[in-house]
Amino acid sequence: GLEAISISGDFLARDQALMIELLADLLQRPRLEPAEFEKLREREIDFIRAAKDADLSGLLPVYGTAAIFGAHPYARAVGGSEQSLEALTHNDIVDYYRQHVGADQLILAVTGDFDSGTLRRQIAEAFGGWARARAPAPEVRAAPRVSGRKVLLVDAPSSVQTYFLIGNVGVSRKYAERAPLDVVNTLFGGRFTSMLNSELRIRTGLTYGARSQLSRPTQPGAWQMSSFTRTDATEQAVDLALEVYSRLKSQTLEPAMLQSGINYVIGQFPTQLETAAQWAGQLAQLEFYGLDKSYIEDYGPALSAVTLDSAARVTADVYPLSDDLVFVFIGDAAAIRDAVKKYGSVTEMKLSDPTFEPAQSRSQ
């Protein structure tokens with residue numbers, strides 16, 4: 001992932017000792033076969049090329065984070081690019097493992113039916129001799145928000161649709177007003193009846209879907225709203241998305257609408273904590289991000305306490321001004337080039353380029 005390597009598994013309680021043995025073996029003694037590395041690297045490159053031929057919506061957030069973060073580490077595609085994967089060697093993989101994988105970097109969360117004393121003893125025996133990683137975990141500084149408007153146009157010749165994204169740097173996992181932010185983002189673009197989807201899909205039929213998302217890693221991640229439309233409707237759809245965004249920024253939410261959002265988020269939250277596997281994931285994340293149990297236990301009451309004032313406060317704080325936006329368009333540049341100039345200074349690249357950022361960003 002962006003900031004961690006995660007391994008998860010489910011097993012029968014009776015196989016506890018075997019599972020711990022297998023986990024310890026794969027973490028401490030990976031074979032990292034050169035032949036397997038070559039096959040995996042080529043497969044990942046093929047996946048990227050296949051996506052460029054078919055799934056442009058899946059690539060949109062990759063180009064988006066690259067455009068938003070520029071030279072910052074968060075700009076890099078987690079799965080790599082054609083260029084970065086081609087340059088990757090087996091020695092790079094082995095060196096990364098030796099430098100960054102070790103006992104001091106491990107978080108192990110286990111949930112289920114077990115005897116705590118026995119489990120602790122088995123884990124200590126399996127991992128007690130594991131050395132620390134040779135290098136400390138890298139520290140990442142917060143990226144500044146983008147000032148002004150800029151446009152990245154990715155040329156996909158003959159595409160009958162334009163995929164577009166609008167965003168900027170948002171907030172981190174520890175953002176204090178998580179509950180009102182979740183409610184506002186749900187109302188704006190986080191559910192089928194959201195403001196964005198209601199206008200772009202339900203009312204006008206310009207798209208099959210429009211949404212707003214917030215990535216919240218250790219440092220502020222990306223806020224992005226995105227959609228797609230017919231090539232000839234690009235300007236109309238983007239203008240409408242900006243109009244809806246302007247309403248979010250300038251108008252107070254109606255009380256009934258706010259309550260609807262609160263009820264929706266409260267209803268969705270328990271579904272993330274239904275299984276033992278989900279709890280293991282949640283507990284590991286609490287440890288990774290340095291959060292305590294109040295992050296989970298206080299969330300429901302915090303949602304119930306969201307007010308019009310707190311919703312307005314996070315809207316002003318998190319969502320950038322309309323003059324400070326990054327636009328990404330993937331589409332037929334010949335058909336939409338003139339239209340997208342109105343949104344800011346345009347930088348162009350080709351979909352066939354082996355990276356996800358334009359040449360000037362790569363040279364920084």
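Residues numbered from 1 in each chain as written. Predicted model: local features only at pLDDT ≥ 70, side-chain atom pairs only at ≥ 80, totals over all residues. Heavy atoms only, no water.

**Q** Residues and numbers for the overall build of the protein, please.
**A** In terms of helices and strands, the protein carries 16 helices and six strands. Projecting the C-alpha coordinates of the protein onto the three principal axes gives extents of approximately 65 × 50 × 35 Å. Counting only residues that meet the buried cut, the protein has 40% of its 364 residues in that class. Within the protein, counting contacts between residues at least 6 apart in sequence, those at least 24 apart form 82% of the total. Summing over all exposed atoms, the protein offers an accessible surface of approximately 19,600 Å²; the carbon and sulfur share of this is 51%. (Helix = DSSP H or I, 4+ residues; strand = E, 2+ residues; numbered from the N terminus. Buried < 20%, exposed > 50% of the residue type's maximum accessible area, 1.4 Å probe, protein only. Contact = heavy atoms within 4.5 Å. Areas by Shrake-Rupley, 256 points an atom, 1.4 Å probe, with all protein chains shown as cover.)

**Q** Go over the pairing of strand β5 (residues 326-331), please, and point to the residues and values.
**A** In terms of residue burial, β5 counts as a mostly covered element, since six of its six residues are buried. Every second residue of β5 is oriented toward a common face, with Val326, Val328 and Ile330 on one face and Phe327, Phe329 and Gly331 on the other, all of them buried. The pairing of strand β1 (residues 150-155) with β5 spans six bridges and is parallel. When the sheet's bridge partners are listed, Val151 is paired in β5 with Phe327. Inspection of the sheet shows strand β2 (residues 161-169) paired to β5 by five bridges, in the antiparallel sense. Its bridge partner lying in β5, Tyr163 is registered against Ile330. (Pairing = 2+ DSSP bridges.)

**Q** Would you mind going over the packing of aromatic side chains in detail, with residue names and values included?
**A** Within this structure, the stated rule accounts for 13 aromatic pairs. Judged by centre distance (6.1 Å) and plane angle (45 degrees), the ring pair of Phe127 and Trp130 falls under tilted. Phe127 sits in the buried class, given a relative accessible area of 9%. Centroid distance Trp223 to Tyr245: 5.3 Å. Interplanar angle 20 degrees. Geometry classified as stacked. Of this pair, Trp223 sits in strand β4 (residues 222-230) while Tyr245 sits in helix α9 (residues 234-250), and the two are 22 residues apart along the sequence. (Phe/Tyr/Trp six-rings, centres within 6.5 Å; stacked < 30°, edge-to-face > 60°.)

**Q** Outline the pattern of salt bridges, listing residues and values.
**A** Side chains bearing opposite charge may pair, as long as their charged atoms lie close to each other. Per the counting criterion, the structure on display carries 19 salt bridges. Glu235 serves as the salt-bridge partner of Lys342, at 2.9 Å between the closest nitrogen and oxygen. Pair noted here: Lys342 is in the loop between α15 (333-340) and β6 (345-350) and Glu235 is in helix α9, with a separation of 107 residues, a long-range link. Each of Arg49, Lys52, Glu82 and Glu86 takes part in salt bridges that share partners, so that together they form one network. (Salt bridge = Lys/Arg side-chain N within 4 Å of Asp/Glu carboxyl O.)

**Q** Can you tell me about the packing of helix α7 (residues 178-190) against helix α14 (residues 308-318), naming the residues and giving the values?
**A** Interhelical geometry of α7 versus α14 gives an angle of 80 degrees and a closest axis separation of 9 Å. Judged by the inter-axis angle, α7 sits roughly perpendicular to α14. Residues Pro180, Leu181 and Val184 of α7 touch α14, and the partners they reach there are Ser310, Ala311, Val314, Thr315 and Val318. The residue makeup of the contact of α7 with α14, split by class, is six nonpolar, two polar and no charged. (Axes fitted to C-alpha atoms, helices over the stretch in contact; angles between N-to-C directions. Parallel < 35°, antiparallel > 145°, perpendicular 65-115°, else oblique. Nonpolar A, V, L, I, M, F, W, Y, C, P; charged D, E, K, R; others polar.)

**Q** So what about the nonpolar core? Which residues, and what values?
**A** Within the largest apolar cluster, 52 residues are counted, with the highest numbers of intra-cluster contacts made by Phe188, Tyr319, Phe327 and Phe329. Residue contributions to this core peak at eight residues, all from α9. Core analysis: the next-biggest nonpolar cluster, separate from the first, contains 29 residues, Ile48, Tyr74, Leu165 and Val328 among them. (Core = buried A, V, L, I, M, F, W, Y, C linked by side-chain atoms within 4.5 Å.)

**Q** Give a description of unusual backbone geometry that names residues and reports values.
**A** Positive phi values are uncommon outside glycine, yet Leu32 reaches one of about 50 degrees. Inspection of the secondary structure puts Leu32 in the loop between α1 (16-28) and α2 (34-53). A positive phi angle is found at Ser158, which is not glycine, with a value near 70 degrees. By the element assignment, Ser158 lies in the loop between β1 and β2. Judged by its relative accessible area of 63%, Ser158 falls in the exposed class.

**Q** Now, about the sheet that holds β2: what can you tell me, with residues and values included?
**A** Taking strand neighbours across the sheet as the criterion, the six strands line up as β3-β4-β2-β5-β1-β6 in an open arrangement whose pairing is mixed. The open sheet has two edge strands with one neighbour each: β3 (210-214) and β6. On average, each strand axis in the sheet is inclined to that of its neighbour by 20 degrees, with strand direction left out of account. Pairing geometry for β1 and β6, over six bridges, is parallel. Within the sheet, the bridge partner assigned to Leu153 lies in β6 and is Glu348. Relative to β3, α7 is tilted by about 160 degrees, and along the sheet it contacts β3 and β4. Across the sheet, α9 lies against β2, β4 and β5, angled at about 145 degrees from β4, the strand it touches most.

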